[in-house]
Amino acid sequence: MELLEEHRCFEGRQQRWRHDSTVLNCAMTFSIFLPPTENPPVLFWLSGLTCNDENFTTKAGAQRIAAELGIALVMPDTSPRGDDVADDAGYDLGKGAGFYLNATVQPWARHYRMYDYIRDELPALIQAEFAVNDRCAISGHSMGGHGALIMALKNPGKYTSVSAFAPIVNPSQVPWGQKAFTHYLGEEAEKWLAWDSCALMLNSNAEEAIPTLIDQGDADQFLAGQLQPAVLAEAARQKDWPLTLRIQPGYDHSYYFIASFIEDHLRFHAEHLFR
């Protein structure tokens, strides 16, 4: 591992690291905030389309509350990177748009295994290299909200809680997801359901449900066409899943929205991380 940056921040340390990923077959960068407390639990944050590990770090304003609560924040990149990594001219496919799944179609399958990276490789690295404990939660925005939800739904018992800002909850039924899934997974729509939060929730076990918080701005330009949180809310109702969906009047899809409510999310996760 190579330390790229380090800054003192609210008596903690904000760092940026590069490491070689075996899963993704490329070098990867992640950011981490280490609070001024010993052996903290970890909140993984998954960012959205076009982002990398620095967007949340620099725009969300999460470090102050994370330092107060004693929670480490881990911010991975949103896709594999490098000159030999497959890419696309569109912002919603390729680099910056990994969708937190394991691609099965070439040329994407060689590198685009973000699901395995987030589930296995990165947490193992964090445990090995940093003085954190083994309790963790997960959160994210937009494409990263999709990632956080599928991580929680596909891995019962791994996370204490999950939250999301404006997540893509039903990607198999909206343009962003359909484009990505067609390229990464192929034309068979049945295979897409393994990466769709609504489908996963409808097939979930109620005993394995974890507390879930979603914030959605009602002035979000992507709300009707790409996000559709009501579909997940209905799945949660059918499965008696403990989901709180909050519609925030006047808020859009930006980091101003995230910064406005990130304290609520961190305190929500703290309730469960420290139990």
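Parameters at a glance
- Residues numbered from 1 in each chain as written.
- Predicted model: local features only at pLDDT ≥ 70, side-chain atom pairs only at ≥ 80, totals over all residues.
- Heavy atoms only, no water.
- UniProt positions renumbered as here; feature names shortened; annotations may be inferred.
- Helix = DSSP H or I, 4+ residues; strand = E, 2+ residues; numbered from the N terminus.
- Rg over C-alpha atoms; globule rule 2.2 N^0.38 Å.
- Buried < 20%, exposed > 50% of the residue type's maximum accessible area, 1.4 Å probe, protein only.
- Areas by Shrake-Rupley, 256 points an atom, 1.4 Å probe, with all protein chains shown as cover.
- Lys, Arg positive; Asp, Glu negative; His and termini not counted.
- Charge placed at Lys NZ, Arg CZ, Asp CG, Glu CD.
- Contact = heavy atoms within 4.5 Å.
- Pairing = 2+ DSSP bridges.
- Axes fitted to C-alpha atoms, helices over the stretch in contact; angles between N-to-C directions.
- Salt bridge = Lys/Arg side-chain N within 4 Å of Asp/Glu carboxyl O.
- Core = buried A, V, L, I, M, F, W, Y, C linked by side-chain atoms within 4.5 Å.

The name given to the protein in an unreviewed UniProt entry is S-formylglutathione hydrolase, and the organism recorded there is Enterobacter chinensis. According to its UniProt record, the protein has this under Catalytic activity (unreviewed entry): "S-formylglutathione + H2O = formate + glutathione + H(+)". Recorded in UniProt under Sequence similarities (unreviewed entry), the annotation for the protein is "Belongs to the esterase D family."

> Describe the overall build of the protein, naming the residues involved and giving the relevant values.
A tally of helices and strands in the protein yields ten helices and nine strands. For the protein, whose C-alpha radius of gyration is 17 Å, the value lies close to the compact-globule estimate of 19 Å for 275 residues. For the protein, the spread of C-alpha atoms along the principal axes amounts to about 50 × 45 × 35 Å. Looking at the protein residue by residue over its 275 residues, the buried ones come to 59%. Accessible surface, the protein: about 11,100 Å² in total, of which carbon and sulfur atoms supply 48%. If the 21 positive side-chain charges of the protein are averaged to one point and the 35 negative ones to another, these points end up 2 Å apart.

> Outline the environment of Trp176, supporting the account with residue identities and numerical values.
Here Trp176 is to be found in helix H5 (residues 175-185). It is 35 Å that separates the C-alpha atoms of Trp176 and Glu129, two residues lying 47 residues apart in sequence. Setting aside residues up to four positions removed in sequence, Trp176 forms contacts with Leu49, Tyr91, Asp92, Phe99, Ser142, Ile168, Phe222, Gln226 and Leu227.

> Kindly report on the side chain of Gln63, identifying the contributing residues and their values.
Structurally, the position occupied by Gln63 is in helix H2 (residues 63-69). The class for Gln63 is buried, based on a relative accessible area of 9%. Excluding its chain neighbours within four sequence positions, the residues that come into contact with Gln63 are Cys9, Phe10, Gln14, Phe33 and Thr57.

> With reference to specific residues and values, describe unusual backbone geometry.
The linkage connecting Gln106 with the following residue, Pro107, adopts the cis geometry, with an omega of 5 degrees. Despite not being glycine, Phe10 shows a phi value in the positive range, around 50 degrees. Its relative accessible area of 46% is what places Phe10 among the partly exposed residues. Residue Ser142 is not a glycine yet carries a positive backbone phi of 60 degrees. Looking at where Ser142 falls in the secondary structure, it is placed in the loop between strand S6 (136-141) and helix H4 (143-154).

> Can you break down the sheet that holds S6 residue by residue, with the values?
Spatial strand order, S1-S2-S3-S5-S4-S6-S7-S8-S9: nine strands in an open sheet with mixed pairing. Strands with a single pairing partner mark the edges of an open sheet, and in this sheet they are strand S1 (2-9) and strand S9 (243-248). Neighbouring strand axes in the sheet, compared pairwise and without regard to direction, differ in orientation by 15 degrees on average. Relative to strand S8 (residues 212-217), strand S7 (residues 162-165) runs parallel, the two sharing four bridges. Bridging across to S8, Val162 finds its partner in Thr212. Of the strands in this sheet, strand S4 (42-46), S6, S7 and S8 touch H4, which is tilted by about 150 degrees from S6.

> Mind laying out the pattern of salt bridges, listing which residues take part and the relevant values?
Side chains that differ in charge, positive against negative, can pair when their charged atoms come close. Inspection of every chain in the model, using the stated rule, returns 18 salt bridges. Put simply, Asp53 and Arg16 hold a salt bridge, and the shortest N to O gap is 2.7 Å. Of this pair, Asp53 sits in the loop between S4 and helix H1 (54-59) while Arg16 sits in strand S2 (residues 12-21), and the two are 37 residues apart along the sequence. For the residue pair Asp53 and Arg16, the accessibility class agrees, reading buried in each case.

> Mind laying out the nonpolar core, listing which residues take part and the relevant values?
Counting residues in each nonpolar core, the largest one holds 91 residues, and the members touching the most others are Phe56, Leu73, Phe99, Ile118, Leu122, Ile138 and Tyr184. At eight residues, helix H10 (residues 255-273) tops the list of elements feeding residues into this core. Ignoring sequence-local partners within four residues, the contact set of Phe99 consists of Leu49, Thr78, Asp92, Met143, His146, Ile168, Trp176, Gly177, Ala180, Phe181 and Tyr184.

> So, the pairing of S2: which residues are in play, and what are the values?
Most of S2 is tucked away: seven of the ten residues are buried. Pairing of S1 with S2 involves seven bridges; the strand directions are antiparallel. Across the sheet, Glu6 pairs through a bridge with Gln15, a residue of S2. Counted along the chain from S1 to the antiparallel partner S2, the turn is two residues long, and its residue Phe10 has a positive phi close to 50 degrees. In this structure, S2 lies alongside strand S3 (residues 26-34), joined through nine bridges in antiparallel fashion. Bridged to Gln15 within S3 is Ile32. As consecutive antiparallel partners, S2 and S3 are separated by four residues, and within that stretch Asn25 has a phi angle of approximately 60 degrees, a positive value.

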